[in-house]
Amino acid sequence: MSMEPTPEEIRDHRVYADFGLTDAEYELICEKLGRAPNYVEVGIFSVMWSEHCSYKNSRPVLSLLPTKGPHVLVGPGEGAGIVDIGDGQAVAFKIESHNHPSAVEPYQGAATGVGGILRDIFSMGARPVALLNSLRFGPLSDGRNRYLFERVVEGIGGYGNCVGVPTVGGEAVFDDAYSGNPLVNVMCVGLIDHDQIQKGVAGGVGNPVFYVGPATGRDGIHGATFASEELNEESEERRPAVQVGDPFMKKLVMESCLELIDSGIVVGIQDMGAAGLTCSSAEMASKAGNGMELYLDRVPCRAEGMTPYEMMLSESQERMLFVVRPEHVDRAREIFERWEVPCVEVGKVTDDGRLRLIFHGEEVGDLPVRGLVDDCPVYERAVERPGYLDMVQSAETLNDPEIAGVQELTAALKAVLADHTVASKRWIYEQFDHMVQGNTVQAPGGDAAVVEVQGTRKALAMALDGDGRHVFLDPYEGGKATVAEAARNLVCVGARPLAVTDNLNFGSPERPEIYFQLHQSVAGMAEACEVLKTPVIGGNVSLYNEHAGQAIYPTPVVGMVGLIEDRDRMIGAGFRGDGDLVAVLGATGADLGGSAFRAVLHGAVDGAPPSVDLQAEARLQDTMLRAVEAGLLSSAHDCSHGGLATTIAEKAIAGGRGANVRLKGDLRGDHHLFSETTGRIVVSAPPEAKEALEAIAADAGVPLSWVGEVGGEELTITVNDELGIESAVADLRDAYEGAIPRRMEKA
Amino acid sequence: MKAAVITFPGSNCDRDCLRALEEIPGCEADSVWHADQDLAGYDLIVLPGGFSYGDYLRSGAIARFSPVMAALKREADRGVTILGICNGFQVLLEAGLLPGAMRRNQSLKFVCKPCELVVDRADSRFSSRFQEGQTLQVPVAHGEGNYYCDDETLKRLHGEGQVVFRYADNPNGSVADIAGITNETGNVLGMMPHPERATRARLGSVDGAEIFGAIFDFVSAGGKS
Amino acid sequence: MFVARVQVTIKEEVLDPQGKAVEGALHSLGFEEASGVRIGKFLELTLNTDDRAVAEERLSQMCEKLLANPVIEDYEFELVEAGEAR
Amino acid sequence: MFVARVQVTIKEEVLDPQGKAVEGALHSLGFEEASGVRIGKFLELTLNTDDRAVAEERLSQMCEKLLANPVIEDYEFELVEAGEAR
Ligand SMILES: Nc1ncnc2c1ncn2[C@@H]1O[C@H](COP(=O)(O)OP(=O)(O)O)[C@@H](O)[C@H]1O
Ligand SMILES: [Mg+2]
C-alpha cells in the first residue's frame, strides 16, 4: 500500500488522467469531497464516472427513447427491464456488450459477457430461460478474424452450455468495418412472477450486507474504464482487464441466489458486474437513499496482500451483493452452505449517504453515494453531419449493367446466399446448446427463436437485429429499420412484439460525426418504437469502438421479445406443404442502396438505404398477426438481406422443398429479385386460405400478391415471364450451408 | 414406477429429466441431491446431463466421487435400472460402471443437433418398444462424446450385445459409432443423446419418451422384459 | 513441503483429436518441422508433507484415483522440495 | 530431431477454476495435504531439425503464436535430442 501515490501526488502528477478522468472532473471530485481524493477514492470515482457506468455521453441521447407502456413493470434503471405477459407472470430481459474484452481475449471475453448478462437477469429474481448473441467480425478471409470468430463462439458456448441456459438465437455479420474491433453483444431472457421482482436496494439501516461468490482476485481491475476507451496497439497491455469466467460456479451462484430470492427474505440484491464491489455497493445504497459501510478485511481474496483499491476495483466474476434483515441471516447462510457457495457478511447499511471503507480498523475511503452514482457530469457532445453521407447516398445504385439470364441470375443468387453475412449460421449455433431446459420449439435458424412458457400455452419469441451498413448509410432510417426488422421477425413466428432492449455500439462520442450517427439513429429507433408500441425497457451503451483511429459502422443492436398466446399457432419460416400458395405481403420498390446484392456482386457499400414507412410497417405486422391468429398460414419469412430471391430460397432450403414463383412488376429483373425494400414478408398458405388472407390484407390496406406455389425439388423464379432463377434446392442449400464451414476449414 | 433423478453440482438436465418422467402416467419422480446417500426403493435412477463440477479435469471425473455414488453402485449391483444420459454416461464411465472412456469430439467442437440413432438391440429394457434396426430421432449436445474403448472391449461389447444405440451419422468420432451401451448385466445404460429432449412433438421427436416408456414397461412387468 | 508437477498424457494407442488438430494448425502456420503432437494436461500442486516417500505414495494415489483416467491416460510426475530451485 | 515437451500454465494472477474444483475434489477424497492446484496443458511434439538453436527459436514462436495464449498463459519447454534417454 505504501506504493500508492498520495492525494498530492495524484493531483500533481495527474494520476487521475490515467484513469480516464479529465481535469474538470477531478476538480469536481475534490469539490464533492471537500478535499483531494486518495488513491482508492479516485479509482472508485473514475470507474463510476466512466462512460460504461455513468452514460455521461449517451444519456442525452437515451432520453429520446420511449420507455413507458401499460405492460412495462420495470423500465430502464434496474439490472433488467421487465414486461407483463399475463397471469401474474412476466419476462425480464437485457442486452450487454463485451466488445473490448473479446478483442483482446476472445474466449474469456465472450464467456464473461454471457456470465454478466445472466447475473443481470437472475439478480432481478428471474430464472434465465434463453440467451442470444449478436456478433460482428471482419471478413473470414483473414486469419486473425477467423481466430476471433472461432474463439468467441467457443467462449459463448463454453459458458452458456455449462450453466444450462439455452442459446437460442442471435446474428452474425462480417464486414471490414469490424476488423480490429469485433462486436460481441449478449442478451438474456428470464421468466419471473410479478411478486418475485427484486430491486437492487440497500434498504433498512443497520441491515447486514453480504458478499456471495468466489474470492476476489486482481483480475479485471479497471475493466469499465477499459471498455470506455479506444483500442490501440497498447490494448494488449491492458490484459489484466481480462477476466476468466467460471460457469460452474456461476451455475451454483445462480441456483442459490434464486433459492434465496424464492425464500422471500431478500431486501435487496445486485450483481457485481462492471466496477465490481464499487458499483454494486454504491448503486444499492443510492437507490435506497442510504449509505453503506464495507469492512474490507472480510472480503474474500484470492491473492495475498490485496489492497482496498484492488478489492474495490476488481471485476472478478460470479459475485453478488445482497442485503437481508438480521433475523434472516441464518436462513440465508444455510442456503449458500448447501450449494457450497461462499457467503460472507462484509458490511452494513447506514443512514448517512456515505460509502465508507474500513480496512484494518482504519477508514480508507469516505465517499458520497449520490456523488458517485448521480452526479457524474453529463456531456452534450458536438454534433456534425458527417461529410461522407452526401457522397455515399448520391451513389447511383440502379445504373450498373443488368445481370440477366438464368445462368447469371442463379449464380448471383448463390453468391448472395454464400455471402457469410447472409449464409446459414449453423456452424455457430450447433456449438450452442439451444435445447437444454426442454422448451425450445423454434431452434436457431428461423426469424425468431421461440421458447415455451412451461405450464401454460404461451410461448416467448425473441430476436436480435442490427444493421450497421444501413445505419452507416443513413443513421436515421437505419435506426428505424433496425427496430422494424426485429419486430417483423417476431410477427413472422406469430408473436406480438412486447418491448425492446438495445445496445448502442458506436465509435468515439467525442467526434462530432460519430455523435451525429448516435443521435440520429437513436432518434430513428425512438420513432419506430413509438409507432410499433415497443417501449425500450433497458439496454447498454458501448462507445469508443475504434481501432487505429477507425470507427466501426454505427451499430445499434435491438433485442426484442414477443408473446405467442397459443403455442399451437406458432409458424416457421420454411415451406411446409406441397401445393401451398406463395404470397408476398408488402410492395417491392427499387431499393439497392446498401444491399447485399450490391456488396456481393458489385463490391460496393453505398446508396441510400431503403426508407421505412412505419405506418405501413405497423399495418403489415398487424395483418401478419391476424392471419396467424386465424390459422391461415403455413409459413412466413421476413424479407431482408438479399431481397425476394434470397428470402424465397431460404424458405425452400428450410422447408426442404421447392417452389415455382412468378414475379411481375416494372422493375428490372435483377432489381426485382434482390431489392431490399423494407416492410415485406413472404408467406405460404394452403389454397383454401386464399380468400380469407386476401380479405385481411385488403382490410388493412396491405399489398398482397400471389406469386406461385410450393412443390418439387427445384426452385424456379420468373420475372415478367422470363426465367431468372432455376436451381435444385440441394444446390442452393449447399451454397447457403457451406459458406461459413468452407471459410473456416480454409484455416 | 418410482424414479430418482440425481442432481450433482452443475447438472443442468435434471429438471428436464424429471419433467419427462412425470409425463408418464404412473411414474413418480424424485429429485435427489448428490450429497444424499440413500437410493433404496427406486426402480429407476437417472444420472442427467450437464456439467457436473464444470466437467473440469475430465467430464464426470469429480462427480463420480459424490456421496450418492456409493449408493448408486449398490443399487446397480442389485440390478436396479440405471440410465446415464450425456454427462450421466460420462460419470458412469469414470465410475467404472460401464467400460471405456470419453474423449473430446473429433471436431473439437461442442455439437448440439438432432441426431439419427439406429437401434442395435431391441431386447434391452431400454429399447423394447423399438424394432431392431429402427432409426430414432434423438438430439445430442456435448463436447466430449467421442467414445473410446480398446479392441478387446469392443469385441466384448458386440459379443455380449451391450451396444444398444448407434449413430447413423457419427457426430463425434465414437468408436464403432457407439451412442449407447449397457453393462454386462444389462441394467445400466449410458447414452450420449438426450431422450428427455425428444418427448413432445413440438420438440421435434417423441422417440425419447419411448425409451422412458420401455423402462416403465419393464418395471411394471415386475422387472422382466 | 513439496511441489508436484504432474503430466497426464493420452495413451499412445488412443487417437488424440486435439493433438491432430494442433499439428494441422502448426503446419498451416508454416511450422512444417513439427510432427507427432500429443496434448495432455499439466498439473502443479503443493503437498504439505516433509517425507518424500509419503509424498510420492500419496501423489500416486491421487493420480490413480482422480487426476488421470487409466483407460486412456498415462501419467508421470516429479516432486521438487518447495523453495528448491528447479 | 528433437522431442519438445511444453508446459503451458495459467498465469499466477488469473483465476483457474479447474484447479479450484480439482483441489476441492482432492480434499473431499481425503488428500488434505494438497493445495495450490493449478491446471495447464502439456504438449509433446517432435521437431525435425538438428540445430538446437533453431529448434528453440522455432518452438518459442510456436508457443507464442499458437500453443499458449500469452494473454492468460505462460509457457516453458525443454528440448531433448530424439533417441536420448530423458
Ligand atoms: N441503450 C439503452 N437504452 C435504454 N436504456 C439503457 C441503454 N443503455 C443503458 N440503459 C439502461 O441504463 C441503466 C443503467 O445500466 P447499467 O446499470 O450500466 O447496467 P449494467 O451495469 O448492467 O451495464 C440500465 O437499466 C440500462 O437498461
Ligand atoms: Mg447491471
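Our structure's up above, just so we're on the same page.
(A) How the structure looks around the overall build of chain B. The helix and strand inventory of chain B stands at 5 helices and 13 strands. Here chain B has a C-alpha radius of gyration of 16 Å; the compact-globule value for 225 residues is 17 Å, and the two agree. Across chain B, the fraction of contacts at a sequence separation of at least 24, relative to all contacts at a separation of at least 6, is 73%. In the form shown here, chain B has an accessible surface area of approximately 7,600 Å², with 44% of it arising from carbon and sulfur atoms. Averaging the coordinates of the 22 positive side-chain charges in chain B and doing the same for the 29 negative ones gives two points 3 Å apart.

(B) Region of interest: the overall build of chain C. Secondary structure assignment for chain C yields 2 helices and 3 strands. The secondary structure elements of chain C, listed N-terminal to C-terminal, are β-α-β-α-β. In terms of overall dimensions, chain C is more spread out than a globule: its C-alpha atoms have a radius of gyration of 16 Å, far above the 12 Å expected for 86 residues. Per-residue burial for chain C yields a buried fraction of 48% across its 86 residues.

(C) Up close: the interface of chain D and chain C. With 35 residues of chain D in contact, the opposing surface of chain C contributes 34 residues. Counting each side, the surface lost to burial between chain D and chain C is near 2,900 Å², with a carbon and sulfur contribution of 61%. When the area that chain D buries against chain C is broken down by residue, the three leading residues are Phe31(D), Glu33(D) and Phe42(D), summing to 22%. The interface formed by chain D and chain C holds 4 salt bridges in total.

(D) A look at the site of ligand 1. All names here are of chain A. The local shell around ligand 1 holds 17 residues, among which Gly-77, Lys-94, Asp-502, Gly-539 and Asn-540 are the closest. Gly-77 is positioned such that a nitrogen or oxygen atom in its backbone is 2.6 Å from an oxygen atom of ligand 1. Measuring from an oxygen atom of ligand 1, one finds a backbone N or O atom of Glu-78 at 2.9 Å. Bound to the protein, ligand 1 loses 87% of the 550 Å² it would expose on its own. Elements supplying a minimum of two residues to the shell around ligand 1: β3 (89–97), β17 (496–505) and β18 (536–542).

(E) Summary view of the relation of the copies chain D and chain C. With an RMSD of 0.2 Å, the operation that places chain D on chain C is a rotation of 180 degrees combined with a shift of 0.1 Å along the axis. Overall, the copies show the geometry of a two-fold rotation axis. When the interface residues of chain D are mapped onto chain C, 97% of them again lie at the interface, so the same face is used by both copies.

(F) Looking closely at the nonpolar core. Within the largest apolar cluster, 167 residues are counted, with the highest numbers of intra-cluster contacts made by Phe149(A), Phe322(A), Leu21(B), Leu39(B), Tyr147(B), Phe165(B) and Leu47(C). For this core, the leading source of residues is helix α11 (residues 247–262) of chain A, giving 9 residues. Here Leu47(C) is in contact with Met1(C), Phe2(C), Ala4(C), Ala55(C), Leu59(C), Met62(C), Leu79(C), Glu33(D) and Ala34(D), once residues within four sequence places are set aside. Counting 51 residues, the second-largest nonpolar core is a separate cluster that includes Ala202(A), Ile221(A), Tyr309(A) and Leu313(A).

(G) Region of the structure containing the pairing of strand β1 (residues 2–7) of chain B. All names here are of chain B. With respect to burial, β1 is a largely interior element, 5 of its 6 residues being buried. A crossover links β1 with its parallel partner strand β2 (residues 28–33), the connecting element being helix α1 (residues 14–22), and its sense is right-handed. Strand direction decides the pairing type here: β1 and strand β3 (residues 44–47), joined by 3 bridges, are parallel. What sits directly across from Ala-4, in β3, is Ile-45.

(H) Spotlight on the side chain of Asp175(A). Residues and elements named next belong to chain A. Within the element layout of this structure, Asp-175 appears in the loop between β5 (167–174) and β6 (183–193). Here Asp-175 occupies a buried position and makes no salt bridge, while the nearest side chain of opposite charge, Arg-469, is found at 4.1 Å. Not counting residues up to four positions away in its chain, the partners in contact with Asp-175 are Phe-137, Gly-138, Pro-139, Arg-469 and Tyr-553.

(I) How the structure looks around the sheet that holds β2(B). All names here are of chain B. Taken in spatial order, the 9 strands of this open sheet run β2-β1-β3-β4-β13-β12-β11-β7-β8, and their pairing is mixed. In this open sheet, the two edge strands, each paired with only one partner strand, are β2 and β8 (135–137). Neighbour-to-neighbour, the strand axes of the sheet open up by a mean angle of 20 degrees, direction not taken into account. Pairing geometry for strand β12 (residues 178–182) and strand β13 (residues 188–191), over 3 bridges, is antiparallel. Directly across from Gly-180, in β13, lies its bridge partner Met-191.

Scoring rules and cut-offs
Residues numbered from 1 in each chain as written. Chains lettered and ligands numbered in written order. Predicted model: local features only at pLDDT ≥ 70, side-chain atom pairs only at ≥ 80, totals over all residues. Heavy atoms only, no water. Helix = DSSP H or I, 4+ residues; strand = E, 2+ residues; numbered from the N terminus. Rg over C-alpha atoms; globule rule 2.2 N^0.38 Å. Contact = heavy atoms within 4.5 Å. Areas by Shrake-Rupley, 256 points an atom, 1.4 Å probe, with all protein chains shown as cover. Lys, Arg positive; Asp, Glu negative; His and termini not counted. Charge placed at Lys NZ, Arg CZ, Asp CG, Glu CD. Buried < 20%, exposed > 50% of the residue type's maximum accessible area, 1.4 Å probe, protein only. Buried area = accessible area lost by both parts, 1.4 Å probe. Salt bridge = Lys/Arg side-chain N within 4 Å of Asp/Glu carboxyl O. Near = heavy atom within 4 Å. Polar contact = N/O pair within 3.5 Å; in protein donor to acceptor, adjacent residues only side chain to side chain. Least-squares fit on C-alpha atoms with pLDDT ≥ 70 in both. Core = buried A, V, L, I, M, F, W, Y, C linked by side-chain atoms within 4.5 Å. Right-handed = clockwise from strand over helix to strand, strands pointing away. Pairing = 2+ DSSP bridges. Axes fitted to C-alpha atoms, helices over the stretch in contact; angles between N-to-C directions.

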